[in-house]
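Observations on the model geometry
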Amino acid sequence: MGNKIGFLTGLTIFLLFAVPMFLEIQKTQVTASSIQQLAQEVVILTETEGGLSSRVNDLIAKNEAHYAKTNMDLDVSVSESSGGTLAAKAQPSTEFEVNVSVSYSAWFKENKMASRASGIIMKR
């Protein structure tokens, strides 16, 4: 009888601590990959549109709303490399940066991840 209680106690401890921690690690990896992909997607669309157009703003707003549904605070900013605000129709050869950060409450700590990508406006 003692062996069964020991086994059940060990199994309970494993299920209560190891499994949630493993799932949080997986969630962190998926979220990091997701924000890197989002940063690249915003760069490509901004290059294609020639600046910070309404399509780029719609993409950013749609993703921020999607992350808000799952209690994740997503922040996407697009700016010139010099730090100024990127125009809706920027001049060719304008360098810009996309900064994406997300913060959320995890099981054992507060996670904050960030990703950065850069691009150049090639044409208008």
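Residues numbered from 1 in each chain as written. Predicted model: local features only at pLDDT ≥ 70, side-chain atom pairs only at ≥ 80, totals over all residues. Heavy atoms only, no water.

Topic: the side chain of E49
Here E49 shows up in helix α1 (residues 2–49). A polar side-chain atom of E49 sits 2.7 Å from a polar atom in the side chain of R55. Apart from the residues lying within four places of it in its own chain, the contact partners of E49 are R55, V56 and K89. (Helix = DSSP H or I, 4+ residues; strand = E, 2+ residues; numbered from the N terminus. Polar contact = N/O pair within 3.5 Å; in protein donor to acceptor, adjacent residues only side chain to side chain. Contact = heavy atoms within 4.5 Å.)

What about the environment of V76?
Mapped onto the elements, V76 comes out in strand β1 (residues 73–80). Classification of V76 by relative accessible area gives buried; the value is 11%. A sequence separation of 15 residues divides V76 from Q91, and the C-alpha atoms of the two residues are 22 Å apart. In contact with V76, other than residues within four places in its own chain, are L38, I60, E64, V98, N99 and V100. (Buried < 20%, exposed > 50% of the residue type's maximum accessible area, 1.4 Å probe, protein only.)

Some details on the sheet that holds β1
Adjacent strands of a sheet form backbone hydrogen bonds with each other and so pair up, either parallel or antiparallel. Strand order in the open sheet formed by three strands is β1-β2-β3, and the pairing between neighbours is antiparallel. Lying at the two open borders of the sheet, with one neighbouring strand each, are β1 and β3 (110–120). Taken pair by pair, the neighbouring strands of this sheet meet at an average axis angle of 15°, ignoring direction. Docked against the sheet, helix α2 (residues 54–69) engages β1 and β2 (95–105), running at close to 160° with respect to β1. (Pairing = 2+ DSSP bridges. Axes fitted to C-alpha atoms, helices over the stretch in contact; angles between N-to-C directions.)

Quick notes on the nonpolar core
Proteins that are soluble and globular tend to have nonpolar side chains buried together. Judged by nonpolar contacts, the single largest core of 26 residues is most densely connected at V42, L74, V78, V98 and V100. When residues of this core are traced back to their parent elements, those giving at least two are α1, α2, β1, β2 and β3. The dominant element in this core, judged by the number of residues it contributes, is α1, at six residues. (Core = buried A, V, L, I, M, F, W, Y, C linked by side-chain atoms within 4.5 Å.)

Section: the pairing of β3
Across the two faces of β3 the burial differs, with N111, M113, S115, A117 and G119 buried and E110, K112, A114, R116, S118 and I120 not buried at all. The sheet contact formed by β2 and β3 spans eleven bridges and is antiparallel. Directly across from V102, in β3, lies its bridge partner M113.

A closer look at unusual backbone geometry
Even without being glycine, N71 reaches a positive phi, approximately 60°. Phi is positive for S93, close to 70°, though the residue is something other than glycine. Note on placement: S93 falls in the loop between β1 and β2.

Focus on the pattern of salt bridges
Applying the stated criterion across every chain, the model contains one salt bridge. For E49, the salt bridge identified is with R55, shortest N-O distance 2.7 Å. (Salt bridge = Lys/Arg side-chain N within 4 Å of Asp/Glu carboxyl O.)

Section: a nonpolar patch on the surface
On the surface, F7, L8, L11, F14 and L15 cluster together to form a nonpolar patch covering roughly 510 Å² of accessible area. Inspection of the secondary structure puts L8 in helix α1. The partly exposed category is assigned to L8, whose relative accessible area is 49%. (Patch = residues over 30% accessible without salt bridge, like charges linked within 9 Å, V, L, I, M, F, W, Y side chains within 5 Å. Areas by Shrake-Rupley, 256 points an atom, 1.4 Å probe, with all protein chains shown as cover.)

Overview of the environment of M21
Along the polypeptide, M21 turns up in helix α1. Judged by its relative accessible area of 39%, M21 is partly exposed.

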